[in-house]
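Coordinate inspection notes
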Amino acid sequence: MQHDKVLILDFGSQYTQLIARRVRELNIYSEIHPYHKVPDQLEDYKAIILSGSPMSVRSEKAFHIDLEQIRGKKPLLGVCYGAQYLAHFHGGEVAPSNIREYGRAHLEMIKDDEALFKNVSKGSQVWMSHSDTIKELPTGGVRLASTADVANAAYRIDGEDTYAIQFHPEVYHSTDGKQLLENFLVNIAQVNPDWTPNAFVEETVDALKEQIGNDKVVLGLSGGVDSSVAAMLLHKAIGENLYCIFVNNGLLRKNEFTQVLDQYEGMGLNVKGVDASARFMDALAGLDDPEAKRKAIGRVFIEVFDDEAHQVQDVTWLAQGTIYPDVIESVSATGGPSATIKSHHNVGGLPDFMKLKIVEPLKALFKDEVRRVGKSMGMASDLLGRHPFPGPGLAIRILGDITPEKVAILQEVDAIFIDNLRKWNLYDSVWQAGAILLPVNSVGVMGDERTYEKCVALRAVESTDGMTADWVNLPYEFLQATSNEIINKVKGVNRVVYDISSKPPATIEWE
């Protein structure tokens, strides 16, 4: 890839991925690496950013990094912990703050002509999140900005392209944060902003052609955005040598199997639909533990996928829809859960099982970038805008054991909910939505008859990556109309509730 690159060294901040995404929004390619795994080839990077951290630089367990090959040799920006680290270990002083500095603040620039603050408005709002404060600047430090509570909110080191800010420019609440990052990267570090979706498609297709040659590739399609965009990139590179398999596990949404198959065939993909509903239902019979259900679905999917893949002669590669957050999690700065391969229905278990080589055309992209790449290839907006849907499907939205009757009820409820979101022009303002069938019967009255039927919960959240999520404040009129329609049209349901829990502490899915 012939583009300028930015290295982000992660000290475990919850915002590190946001830094990378904001940099990518500037059409600049960025990579995240743990602070203790600095790449050997630093010459490959035009600029370096030090992230924030939940750690204090004053702690005996503070995360340490050798900056000898970076400071003064590469343009460097320290953010929050990064700014405190540059001060504390290079001649300055960091001390506990009298008050915890968390939330909105406003910048007071010391001078008007600093390159870091070009086109940043006076009094610009920034977001603070720290309990320590920089009392004394490091050797050669020059103060650039303050806030009402933070004397050293930004500084640079004289004679170097080294800058440091106590606030977080990557979060939404820092109104000029993107401008500040552009000032540092484009104006100060002279990074060329030429990493665009079109460039990614062209370079990835060329790389796939070289990597795969005339070999055959098998890909498990899910109907979701990641696997679909991966399929289109591979199709552009190798054409009919890509064999796509779309498995119906009987736990998809209403009519989804035929609808998605029709959509894929309209895209010119070589797709085989496999209806294995009965096989999955047999495996799930009598299981009510969420983990047991997931494992049963994953095992049967592997078996079905393996059966179908063996019908392709001389297949060499398995394509995965792995995206960049999955790669980042596998090398977390704080030793987080490994998620090296992520794909539909636990396809991560397939490589050892099938002895295939792996190709992951999207592993450098965030979710929003996957959508932009798909758009640049002319893919349909309704496919690219589809809500995420869990690999185990409706199985983890039916609490308790799974039966065909329960699946049929939930499919009808889900269809009414999703269709109404579209009719009311709410679908695109929701990140993910679905219905949950509860193992609860309640008394109701329909006409002159007493009923004792199921309760369903509706769930709609807004998010950017699923790591955190807030419930969506859907209009009362929408909820009223949807509830009435579900109760009137879906036999077996007499009560509808709406889930107003955020993540954390709740999760998006109930199982």
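This text gives an overview of the structure that appears in the document. (Residues numbered from 1 in each chain as written. Predicted model: local features only at pLDDT ≥ 70, side-chain atom pairs only at ≥ 80, totals over all residues. Heavy atoms only, no water.)

Of all hydrophobic cores here, the largest spans 51 residues; its most connected members are V413, L421, L474 and I486. With 8 residues, helix α13 (residues 404–423) is the largest single contributor of residues to this core. I486 has contacts with V413, I416, V456, L458, V493 and V496, leaving out every residue within four places of it along the chain. Y29, A231, L233 and L362 belong to the second largest nonpolar core, which has 42 residues in total. (Core = buried A, V, L, I, M, F, W, Y, C linked by side-chain atoms within 4.5 Å. Buried < 20%, exposed > 50% of the residue type's maximum accessible area, 1.4 Å probe, protein only. Helix = DSSP H or I, 4+ residues; strand = E, 2+ residues; numbered from the N terminus. Contact = heavy atoms within 4.5 Å.)

The 5 strands are arranged β13-β12-β11-β14-β15 in an open sheet whose pairing can be described as parallel. Both edges of this open sheet fall to β13 (271–275) and β15 (357–359), since each of them pairs with a single strand only. The mean inter-strand angle of the sheet, taken between neighbouring strand axes irrespective of direction, is 30°. Sheet topology places strand β11 (residues 216–221) next to strand β14 (residues 315–319); 4 bridges connect them, and they run parallel. Across the sheet, the residue bridging to V217 is W317, located in β14. Across the sheet, helix α4 (residues 197–212) lies against β11, β14 and β15, angled at about 170° from β15, the strand it touches most. (Pairing = 2+ DSSP bridges. Axes fitted to C-alpha atoms, helices over the stretch in contact; angles between N-to-C directions.)

Strand order in the open sheet made by the 8 strands is β2-β1-β3-β4-β10-β9-β8-β6, with mixed pairing throughout. The strands lining the two open edges of the sheet, one partner per strand, are β2 (29–34) and β6 (108–109). Judged from the 4 bridges that link them, strand β4 (residues 76–79) and strand β10 (residues 162–165) form a sheet pairing that is parallel. By the bridge assignment for β10, L76 is matched with T162. Together, β3 (47–50), β4, β9 (154–157) and β10 form the strand contacts of helix α2 (residues 81–88), whose direction differs from that of β4 by roughly 110°.

Within this structure, the stated rule accounts for 2 cavities of 30 Å³ or more. Space inside the largest cavity adds up to approximately 60 Å³. Lining the largest cavity we find R397, Q432, A433, G434, I436, R459, I508, E509 and W510. Element by element, the count of residues in the lining of the largest cavity is highest for strand β16 (residues 432–446), at 4 residues. Broken down by class, the residue content of the lining of the largest cavity amounts to 4 nonpolar, 2 polar and 3 charged. Here the second largest cavity is characterised by a volume of approximately 40 Å³. Lining the second largest cavity are L107, V120, S124, Q125, V126, F167, S174, T175, D176, G177 and L180. Listing elements by their share of the lining of the second largest cavity, those giving two or more residues are β7 (125–136) and α3 (177–188). (1 Å grid on protein atoms, 1.4 Å probe; cavity = no way out; pocket = protein on both sides within 12 Å on 5 of 7 lines; lining within 4 Å. Points joined across faces, edges and corners; volume = space filled by probe spheres on them. Nonpolar A, V, L, I, M, F, W, Y, C, P; charged D, E, K, R; others polar.)

We now examine α2. Burial analysis of α2 places 7 of its 8 residues in the buried class, which makes it a mostly covered element. Taken residue by residue, α2 has Y81, G82, A83, Q84, Y85, L86 and A87 as its buried positions.

Packing of α4 against helix α5 (residues 225–238) brings their axes to within 8 Å, and their N-to-C directions diverge by 60°. The orientation of α4 relative to α5 falls into the category oblique. Classified by chirality, the crossing of α5 by α4 is right-handed. In this structure, α4 contributes F200, V201, T204, V205, L208, K209 and I212 to the contact, and α5 contributes L233, L234, K236, A237 and I238. Residue composition of the contact of α4 with α5, by class: 9 nonpolar, 1 polar and 2 charged. (Parallel < 35°, antiparallel > 145°, perpendicular 65-115°, else oblique. Left-handed = near helix turned anticlockwise from the far one by under 90°.)

Here β3 shows no split at all, with A47 and I49 on one side and I48 and L50 on the other all buried. When strand β1 (residues 5–10) meets β3, the two strands line up parallel, connected through 4 bridges. Looking at the pairing, L7 lines up with I48 of β3. Pairing analysis gives 3 bridges linking β3 to β4, with the strands arranged parallel. Residue I49 lies in a different strand from β4, and its bridge partner there is L77.

Here we come to the packing of aromatic side chains. All chains considered together, the criterion is met by 16 aromatic pairs. Pairing Y81 with Y85 gives two aromatic rings, centres 6.1 Å apart and planes at 35°, and the pair type is tilted. With Y81 and Y85 both in helix α2, this residue pair falls 4 residues apart, about one helical turn. Taken together, the aromatic side chains of F11, Y35, F63, Y81, Y85 and F89 make up a single cluster linked through ring pairs. Over the face of the ring belonging to Y45 we find K5, whose NZ or CZ atom lies 4.9 Å from the ring centre. Seen from the ring of Y427, R422 lies directly overhead, with NZ or CZ sitting 3.9 Å from the centre. (Phe/Tyr/Trp six-rings, centres within 6.5 Å; stacked < 30°, edge-to-face > 60°. Lys NZ or Arg CZ within 6 Å of the ring centre and 35° of its normal.)

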